[in-house]
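# Survey of secondary and tertiary structure
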Amino acid sequence: MDIAQEETDTKGRYTATLDGHTGEMTYSRSSPHLIIVDHTLVPDALRGKGVGQALALHAIEEARKGSWKIIPLCPFMRAQVMRHPEWRDVIQG
């Protein structure tokens, strides 16, 4: 599954397309070293296929590469962080 990133000024999103459907995770950049993940949307056609998990992991990997932190405001992302204590190195709050 390929994940793409779009970013303008302070808003951004990661998208994952599978079987012609696209899931997304949106965020706001509050500083060069901090993003707030505010929403994850996975269409019904992609539920249960690991798309949301892949988006969450991608955000974590990008934070590690960029040496920045994530505030998981989105309930899905917050739940993923609780399931993955190994991600806490890039989580703020």
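Preceding this paragraph is the structure being described.
The structure contained in this document is the topic of the report that follows. This one's a predicted model, so the numbers in the text were calculated from it and none came from an experiment.

## Quick notes on the pattern of salt bridges
Counted according to the given criterion, the structure contains seven salt bridges. In this structure, Glu7 and Arg29 form a salt bridge, with 3.4 Å as the shortest nitrogen-oxygen distance. In this pair, Glu7 is assigned in strand β1 (residues 3–8) and Arg29 in strand β3 (residues 21–31), connecting sequence segments 22 residues apart. Relative accessible area serves as the criterion here: at 38%, Glu7 is assigned to the partly exposed category. Classification of Arg29 by relative accessible area gives buried; the value is 16%.

## Re the packing of helix α1 (residues 51–66) against helix α2 (residues 75–83)
Two elements in contact, α1 and α2, have axes separated by 10 Å at closest approach and are oriented at 75 degrees. Classed by the angle they form, the pair α1 and α2 counts as roughly perpendicular. For the pair α1 and α2, contact is made by Gly52, Gln53, Ala56, Ala59 and Ile60 and by Phe76, Met77 and Gln80, respectively. Classifying every residue of the contact of α1 with α2 by side-chain character gives five nonpolar, three polar and no charged.

Thresholds applied
- Residues numbered from 1 in each chain as written.
- Predicted model: local features only at pLDDT ≥ 70, side-chain atom pairs only at ≥ 80, totals over all residues.
- Heavy atoms only, no water.
- Salt bridge = Lys/Arg side-chain N within 4 Å of Asp/Glu carboxyl O.
- Helix = DSSP H or I, 4+ residues; strand = E, 2+ residues; numbered from the N terminus.
- Buried < 20%, exposed > 50% of the residue type's maximum accessible area, 1.4 Å probe, protein only.
- Axes fitted to C-alpha atoms, helices over the stretch in contact; angles between N-to-C directions.
- Parallel < 35°, antiparallel > 145°, perpendicular 65-115°, else oblique.
- Contact = heavy atoms within 4.5 Å.
- Nonpolar A, V, L, I, M, F, W, Y, C, P; charged D, E, K, R; others polar.

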